[in-house]
Amino acid sequence: MLLCALAASLLALLAVAMLERQRSGLSVERVRLAGAPVSIWRAEGSQGGPLVVVAHGYAGSRQMMQPLAMSFARAGFVVASFDFFGHGRHDRPMAGDITSLDGATAQLVDQTVAVARASRDLPGATGPVSLVGHSMATDIVIRAAERIDDVAAVVAISMYSDAVRPTAPERLLIVSGAWEGWLREVALDRLRQLDPAAAEGETVARDGVARRAVAAPGVGHVGVLYSRATLAETRNWIAAATGRQPVGALPRTGPWLALLLVALVALAWPLAGLLGRPVRGTAPGMRLALAASAAPIVPALVTAALLPGGALGLSAFGTLAAFFGVWGAVQLAILWRAGLRPSRPHLAGLAMLLLWGLCLFAPALDRYGAAFLPTGPRLQVMVLLLPGTLLYCLADAMLVRDARWLSFLEVRVFPLATLLGAMWITPRLGIAFTVLPVMVLFWCVYGVAGRWIGARSGSATNGLALGIILAWAIAASTPLIAA
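Attention in this report is confined to the structure presented alongside it. (Residues numbered from 1 in each chain as written. Predicted model: local features only at pLDDT ≥ 70, side-chain atom pairs only at ≥ 80, totals over all residues. Heavy atoms only, no water.)

## With respect to the overall build of the protein
When helices and strands are tallied, the protein shows 16 helices and nine strands. For 483 residues, the compact-globule estimate of 2.2 N^0.38 gives 23 Å, and the C-alpha radius of gyration of the protein, at 24 Å, lies within 12% of that figure. Taken along its principal axes, the extent of the C-alpha atoms in the protein is 75 × 50 × 40 Å. Classification of the 483 residues of the protein by burial places 56% in the buried group. The long-range share in the protein, meaning contacts at least 24 apart out of those at least 6 apart in sequence, stands at 74%. Within the structure as shown, the protein displays about 19400 Å² of accessible surface, and the carbon and sulfur contribution to it stands at 63%. (Helix = DSSP H or I, 4+ residues; strand = E, 2+ residues; numbered from the N terminus. Rg over C-alpha atoms; globule rule 2.2 N^0.38 Å. Buried < 20%, exposed > 50% of the residue type's maximum accessible area, 1.4 Å probe, protein only. Contact = heavy atoms within 4.5 Å. Areas by Shrake-Rupley, 256 points an atom, 1.4 Å probe, with all protein chains shown as cover.)

Structure, rendered in C-alpha cells:
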C-alpha cells in the first residue's frame, strides 16, 4: 500500500505540475461583466489584441472552456470566458422555458451580447470581436452575432442551430467530434447552404460569406473541447479573420487532467488501508437485494409525477430530493424488516472519505475540469437534497456490501432507469437530465473510493459520506432553472 500511495501521489503531483505549466505565461483575471462571472485570459506582458468571447454549453462552465481560452490567449487575443445564468458560479437562475426562443434562448442571447459589449472596454481589447460557443451556446452565439457590431468570426463547436442562413454568420467555422454523427450531418448541411457539393474539411465562400466544417478525430461531445484539432482549427480561423498569425503552443490539458483524476482515485485505496483491517458485515442475499431494488420503483415514480417540482424558486430540485428520499426510505424499511440494521458510523472513516472527496478530488476537478464547488444558492440546494441523498446512499451502501455483480448492477441500475423514466413522464423534471451522467460519474469515482473505505469502516460510514457528497455533486453541477 505504501508503494501505491507513493506512486499515486507522484502521478498526481506530476499531473498538477503539467496542468499548471499549460498556464505559464498567461494571466487570468476573474471579474464580473454585465452581472456575469467572467475569466479574462491574456498573454503576460501583452499589449492587447482582438477580443474573443467564449461561451460554454448546457451544464457546462468557464472551466470546461479553458483549453480554448488558453490557446487564444497564447496567440495574442484578449479572451473573455463567462458563465451563463444558472451555470458555474452564476447565482441567477436561467429562465424556465428552455425550449422557447422567447424564453431561455432570448435571455442567454441578451446575456452574451451584454458580456461582449462590456468586454470591449477591457484594457487592451482591440478590433472586432469573435464569438466561440459549445453545444447549447452554438445557437446562442450565432444569434448574438446578428446584434453585435463588427464581428470578425463565429466558431460553433458541436453545433445545432436553425439560425444559420446562407448570408449569416458571415464567417463561420463548425467543429464536431468525429463521434457526433448527427451533428456532423447538421454541420455539412449548413456548409452546403453555400455550395451543394461541399465536403467536410473544405472551406467554401460565396458573396462575402465564408464557412468551414471539420471533424476532430477520436472524440465526442466533451472530448472535442480538448482535441488539438479543435484548438488548432478555432485559433487559425479567428487568427485569419483578424489578420493575426496563429502563434503559440496549443495547450495539452486533457491527458493530464485524466491522469490527475485517476491518480486521486487510486490514492483512496492506500488511504483506506490506514483504517485497519476490513470489518465484517452482513450482506443481503440476491433475493433480498432484488426485492429492495424493485420495491421503490412505483412509489418513486408516483412521487415524481405528483409532487410539485419547485423548491427555493428553482425547478426540479424539490422532486429530486423527494425521489431520492422515497427510494432510500423504502429500501431501508425492507432491510430493517429483514433484520439488517445500519452499523455505527466510524468517525475516522467518515472524515477520511469526506476530506478526500470534498477537499482533494472536488477542488482539483473544479480548477482544471468543470465547476464543482457549490456556492451561493447552490449551498441551499445541497441542504435541500441532503435528507434524500443520505437515505438513498445509506440504503445503497448496505445493499452493495459484499454483493455479487448481478445484485450490484441491480442496485445501481434500477434507480437510474427509474429516474430516467420519471424525467420522461414529468417534463418539469426532465430539465435536470444532467443528473444522470453526474450519478454515473459519481459511482465510478466516489463509489469506488467509498467501497474501499467502507470495507474498513462499515456500510453506514460509506453511505453517510456518499450521501453528503452526492448532494454536493448534484448541487454543484446541475443548472439552476427558475421554477
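## Some details on the pairing of strand β3 (residues 49-55)
Across the seven residues of β3, seven count as buried, placing the element largely inside the fold. Two strands pair when backbone bridges link them, and β3 and strand β5 (residues 125-134) are joined in this way by seven bridges, in the parallel orientation. Each bridged residue has a counterpart across the sheet, and for Val52 the counterpart in β5 is Ser130. Where β3 meets strand β4 (residues 78-82), five bridges bridge the pair, whose relative direction is parallel. Bridge pairing in β4 links Leu51 to Val78. (Pairing = 2+ DSSP bridges.)

## Quick word on the side chain of Ser176
Position of Ser176 relative to the elements: it lies in strand β7 (residues 171-177). Overall, Ser176 belongs to the buried group, its relative accessible area being 0%. Not counting residues within four places of it along the chain, the set of residues in contact with Ser176 comprises Ser158, Leu183, Arg184, Ala187, Val214, Ala215, Ala216 and Val224.

## Details of the environment of Ser39
Structurally, the position occupied by Ser39 is in strand β2 (residues 36-43). Ser39 gets classed as buried once you look at its relative accessible area, which sits at 6%. Sequence separation of Ser39 and Glu29 is ten residues, and the distance between their C-alpha atoms is 5.6 Å. When residues no more than four places from it in sequence are discounted, the contact partners of Ser39 are Val28, Glu29, Arg30, Arg62, Val79, Ala80 and Ser81.

## Some remarks on the side chain of Glu180
Assignment of secondary structure puts Glu180 in the loop between β7 and α5 (181-191). The charged side chain of Glu180 is buried without a salt bridge, its nearest counter-charge being Arg184 at 8.1 Å. A polar atom in the side chain of Glu180 sits 2.7 Å from the backbone nitrogen of Gly177. Residue contacts for Glu180: discarding those within four places in its chain leaves Ser158, Gly220 and His221. (Lys, Arg positive; Asp, Glu negative; His and termini not counted. Salt bridge = Lys/Arg side-chain N within 4 Å of Asp/Glu carboxyl O. Polar contact = N/O pair within 3.5 Å; in protein donor to acceptor, adjacent residues only side chain to side chain.)

## Description of unusual backbone geometry
Following Ala168, the chain continues to Pro169 via a peptide bond in cis, the omega torsion being -5 degrees. By the secondary structure assignment, Pro169 is in the loop between β6 (151-157) and β7. Backbone geometry at Ala59 places phi at a positive 65 degrees, although glycine is not the residue there. Tracing the chain through its elements places Ala59 in the loop between β3 and α2 (66-74). Residue Ala59 is classed as partly exposed on the basis of its relative accessible area of 24%.

## Let's talk about the environment of Ser407
Tracing the backbone shows Ser407 in helix α13 (residues 405-425). For the pair Ser407 and Glu20, spaced 387 residues apart in sequence, the C-alpha to C-alpha distance is 43 Å.

## Here's the deal with the packing of aromatic side chains
Under the criterion given, the structure shown has 13 aromatic pairs. Relative to Trp327, the ring of Phe323 lies with its centre 5.8 Å away and its plane at 25 degrees, an arrangement referred to as stacked. Within this pair, Phe323 and its partner Trp327 are both found in helix α10 (residues 317-337), separated by four residues, close to a single helical turn. Trp327 matches Phe323 in its accessibility class, with the two residues each being buried. For the pair Tyr392 and Trp443, a centre-to-centre distance of 6.3 Å together with 55 degrees between the ring planes defines the contact as tilted. Taken together, the residues span a long stretch of sequence, with Tyr392 in helix α12 (residues 377-400) and Trp443 in helix α15 (residues 435-457) at a distance of 51 residues. Here Tyr392 and Trp443 have matching classes, each one buried. One aromatic cluster is present, formed by Phe323, Phe324, Trp327, Trp356, Phe361, Tyr392, Phe442, Trp443 and Tyr446 through successive ring pairs. In this arrangement the basic side chain of Arg171 is found over the ring face of Trp237, its NZ or CZ atom lying 4.2 Å from the centre. (Phe/Tyr/Trp six-rings, centres within 6.5 Å; stacked < 30°, edge-to-face > 60°. Lys NZ or Arg CZ within 6 Å of the ring centre and 35° of its normal.)

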